[in-house]
Amino acid sequence: MSATDADNSIMAAIAAASLDALITIDDAGCILEFGPAAEQLFGYTRAEVMGRSVSEIVIPPHLRQAHESGMEKFNRTGEGPVLNNRVEVPAIRRDGSEFPAELTVVPLTVAGKQLFTAFVRDISERKRHEAELEAARAVAERASEAKSRFLAHMSHELRSPLNAVLGAINLMMDSPLAPEQQMFAQTARSSGQALLELINEVLDYSRIESGELTLRAEPVELSAIVNGLVSSAALGAAEKGLEVAQYIGPRVPHLVRGDPGRLRQVLANLVDNAIKYTQSGGVTVSVEVLDEPADRVRLSFAVADTGIGIADEDQQRLFGEFSQVDESDSTAATGVGLGLAIVQRLVAAMGGRIELDSASGRGSCFRIELELDVIRGRHATEPLPARPAVVISGSAVLREAAARQLQSIGLTVTGAASIGELSAARLAEAVLIFADIGTDPEAIDALRRGLTAAEVDPARVHLLLAVGAVPDMAGFGAPLFKPLQPAALLAVACGTLRAQDAPPAAPAAAALQQRRGRVLLVEDGPTNQLIAGAMLERAGFEVDIANNGHEAVEAAAAEDYAVILMDLRMPIMDGLEATRRIRQLPGAAAVVPIIALTANALSDDRSRCMAAGMSDFATKPIDREELVRKIEKQLGPSPAVADS
Ligand code: ADP
């Protein structure tokens, strides 16, 4: 047998055994081979079709034109879309019936001639199956949505009568009741409230599931949300002897775009759980920046507790609906295990993700990652020179959160549970001391004695107090109130550092100040206030500070300043608006030189500043030489002119 004969026999054997219909044609589309599977599929015998045009035999009339041009294109270019690819096309049987086919065409050259072999498979069965599955899925989805909609509407409807029941119980409890009746009413009220919470959860869950949830896109003030949460959680936490602390990272923007209500709901849920499943220690809520893609910010919100923790094997199912770690646990009696399922779905709807880091007995940390549009960012803050500070608190949760917050502005912090743990040297070197020691006069006396022994000026010591508690604070720096707010902590810290940094009012310095005059620094960031303030004071100016544009206008109306340094982006009133208003004030304010301070040195900003009535422009981070030069230029004999 020759090689060609052998090839032909192998080909014939393959064609005979193939489950696919094999059809071989030449470059004019004439059939050269028509395998047994093809005979069966198309209903022709091999003898009937040999030498005939393939398009007449298997291709439906409306596709014949496309087939002809495909062949023609291949003969011209050697390329074609169906060659060596798997494509789905309609095909036609002898009886005229059409069916969906899967087709692969392989070009081959035999004895210098261009041939094509098509492998054709009837996929009607598969297509029918797919269509049935798709239809079944759509029906199931519609049924599930209908059920969720029913649940959503039912729970909505259940709330109205329940609210009336609760209202009536409240009214009843305001009227005179016998002690026993009072107790019954109390029970009815707390059960009613638990029922209401449950219904609200079911309502939320079913709304999300039925696709009825719409998220808002509104300005969200992140620190206000966290402050609000921490303040309201602190009450319940205090009853259990727990501390609630917060940490806001240095680059976290003031305003982002999102759904404030839903963000609050998600975090509140995590904070409530954290308090519920923690017996000692406390809960820390922190917000940090992970990344800052153009005009957006990727934030991490973490709720960490020192509670019972969650074992590895339970962690995955927690986010499923109606799941609780220990279903017999009586502490969980107030929930149904829907909270985390709702949290996870809300976070997903916001485009974020949630993860849990926990181990049995070692506390839990739920971390949410969200990317949001920035409406108003935070300026780059000047790094402070590293200086030592001390935080004294019996609560590790509070100590760590406060230490992190102070470290974020460059301080080096030592934490201690009590003043007794600190050496005199450590106390003496501290530029700032925060003491969370309660209001017991004995504890405060002990603190005073420790400070005196270490020769520490009490003005650099700030007490952390519970709201409403005011002990004798003579000599101490401004107190801070719990729950501790990051902005308040930093403002107090920077204020005290500024007072320490100011040069002593020696007669020579006073003369210098008189020569140089009084400057108004308008700036909302406490660290920038501290740095720019110290630079100006060292350069011989007397410095007043305004925290925003509104305060600046008031200060400019009350005092004649030599120069005003005006930040642009501030809360309440921005620098441009403040400048326009100062220019309208009667008297010297209308002509006082105003120098813009901004991180954005774009010429666009520059012309907006000039249009608002500013005199010059200095960039941040502040360069002392540049700033002083610009101020001196304004103070010089020539009238205030814009620096071009
Ligand atoms: P529930 O209504 O029961 O609180 P959740 O979905 O909020 O429902 O929580 C589900 C379960 O996850 C809780 O029952 C509890 O077992 C566990 N869990 C949630 N948060 C914590 C946490 N911070 N520490 C320990 N366990 C937690």
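The model shown is predicted, which means the values in this text are computed figures rather than measured ones.

1. Looking at the overall build of the protein chain
At step 1: From N to C terminus, the protein chain includes 21 helices and 22 strands.
At step 2: Relative to the 2.2 N^0.38 estimate, which gives 26 Å for 644 residues, the radius of gyration of the protein chain is 39 Å and therefore markedly larger than a compact globule would have.
At step 3: Each of the three principal axes of the protein chain carries a C-alpha extent, and together these read 120 × 85 × 50 Å.
At step 4: Expressed as a percentage of its 644 residues, the buried residues of the protein chain come to 43%.
At step 5: Contacts in the protein chain between residues at least 24 apart in sequence constitute 64% of all its contacts with a sequence separation of at least 6.

2. Examining the pattern of salt bridges
At step 1: Within this structure, the stated rule accounts for 39 salt bridges.
At step 2: Residue Asp 20 pairs with Arg 121 through a salt bridge whose shortest N-O separation is 2.8 Å. In this pair, Asp 20 is assigned in the loop between helix H1 (3-17) and strand S1 (21-26) and Arg 121 in strand S5 (residues 113-122), connecting sequence segments 101 residues apart.
At step 3: The buried category is assigned to Asp 20, whose relative accessible area is 16%.
At step 4: The partner of Arg 345 in a salt bridge is Glu 209, and the shortest N-O contact between them spans 3.0 Å. Here Arg 345, found in helix H11 (residues 339-349), pairs with Glu 209, found in helix H7 (residues 179-209); they are 136 residues apart in sequence, far enough to count as distant.
At step 5: Glu 209 gets classed as partly exposed once you look at its relative accessible area, which sits at 36%.
At step 6: A single salt-bridge network, built from bridges that share partners, covers Asp 20, Arg 86, Glu 88, Glu 102, Arg 121, Arg 126, Lys 127 and Glu 130.

3. Some remarks on the sheet that holds strand S20 (residues 563-567)
At step 1: What the five strands build is an open sheet, ordered S19-S18-S20-S21-S22; its pairing is parallel. This sheet does not close on itself; its edge strands, each paired only once, are strand S19 (542-546) and strand S22 (616-619). Going from strand to strand, the sheet's axes swing by 25° on average, the running direction of each strand aside.
At step 2: When strand S18 (residues 518-522) meets S19, the two strands line up parallel, connected through five bridges. Paired with Val 522 across the strands is Ala 546, a residue of S19.
At step 3: On the sheet, helix H19 (residues 575-583) packs against S20 and strand S21 (594-598) and is oriented at approximately 150° with respect to S20.

4. A short note on a nonpolar patch on the surface
At step 1: A surface patch of nonpolar side chains, about 370 Å² in accessible area, is lined by Phe 150, Leu 151, Met 154 and Leu 158.
At step 2: With respect to the helices, strands and loops of the structure, Leu 151 is situated in helix H6 (residues 124-174).
At step 3: A relative accessible area of 38% means that Leu 151 is categorised as partly exposed.

5. Observations concerning helix H9 (residues 260-276)
An α-helical turn contains 3.6 residues, so any two residues separated by three or four positions project in the same direction.
At step 1: Taking 1.5 Å per residue, 17 residues should reach 24 Å; H9 reaches 24 Å between its end C-alpha atoms and fits that length.
At step 2: Among all positions of H9, only Pro 260, Arg 262, Leu 263, Val 266, Leu 267, Asn 269, Leu 270, Val 271, Asn 273, Ala 274 and Ile 275 are buried.
At step 3: The N-capping residue of H9, defined by a side-chain oxygen 3.2 Å from the backbone nitrogen of Gly 261, is Asp 259.

6. Overview of unusual backbone geometry
At step 1: Cis geometry is found at the peptide bond from Lys 482 to Pro 483, where omega equals -5°.
At step 2: With respect to the secondary-structure elements, Pro 483 resides in the loop between strand S17 (480-482) and helix H15 (486-501).
At step 3: The phi angle at Ala 111 is positive, at roughly 50°, despite the residue not being glycine.
At step 4: Looking at the element boundaries, Ala 111 is found in the loop between strand S4 (98-110) and S5.
At step 5: Of the residues examined, Ala 111 reaches a relative accessible area of 78% and is grouped as exposed.
At step 6: Unlike most non-glycine residues, Ile 572 shows phi in positive territory, near 70°.
At step 7: Along the chain, the position of Ile 572 falls in the loop between S20 and H19.

7. Considerations on the sheet that holds S1
Strand pairing in a sheet relies on backbone hydrogen bonds, with the paired strands running either antiparallel or parallel.
At step 1: Spatial ordering of the open sheet is given by S2-S1-S5-S4-S3, a layout of five strands whose pairing is antiparallel. Each edge of the sheet is formed by a strand with only one pairing partner; in this case those strands are strand S2 (31-34) and strand S3 (87-92). Mean inter-strand twist for the sheet, computed between neighbouring axes without regard to direction, equals 35°.
At step 2: In this structure, S3 lies alongside S4, joined through six bridges in antiparallel fashion. When the bridges of S4 are listed, Ala 91 appears paired with Phe 99.
At step 3: Its contacts with the sheet put helix H5 (residues 61-77) on S1, S3, S4 and S5, and the angle it makes with S5 is roughly 145°.

Reading guide: rules and limits
- Residues numbered from 1 in each chain as written.
- Predicted model: local features only at pLDDT ≥ 70, side-chain atom pairs only at ≥ 80, totals over all residues.
- Heavy atoms only, no water.
- Helix = DSSP H or I, 4+ residues; strand = E, 2+ residues; numbered from the N terminus.
- Rg over C-alpha atoms; globule rule 2.2 N^0.38 Å.
- Buried < 20%, exposed > 50% of the residue type's maximum accessible area, 1.4 Å probe, protein only.
- Contact = heavy atoms within 4.5 Å.
- Salt bridge = Lys/Arg side-chain N within 4 Å of Asp/Glu carboxyl O.
- Pairing = 2+ DSSP bridges.
- Axes fitted to C-alpha atoms, helices over the stretch in contact; angles between N-to-C directions.
- Patch = residues over 30% accessible without salt bridge, like charges linked within 9 Å, V, L, I, M, F, W, Y side chains within 5 Å.
- Areas by Shrake-Rupley, 256 points an atom, 1.4 Å probe, with all protein chains shown as cover.
- Expected span 1.5 Å × (residues − 1).
- Polar contact = N/O pair within 3.5 Å; in protein donor to acceptor, adjacent residues only side chain to side chain.

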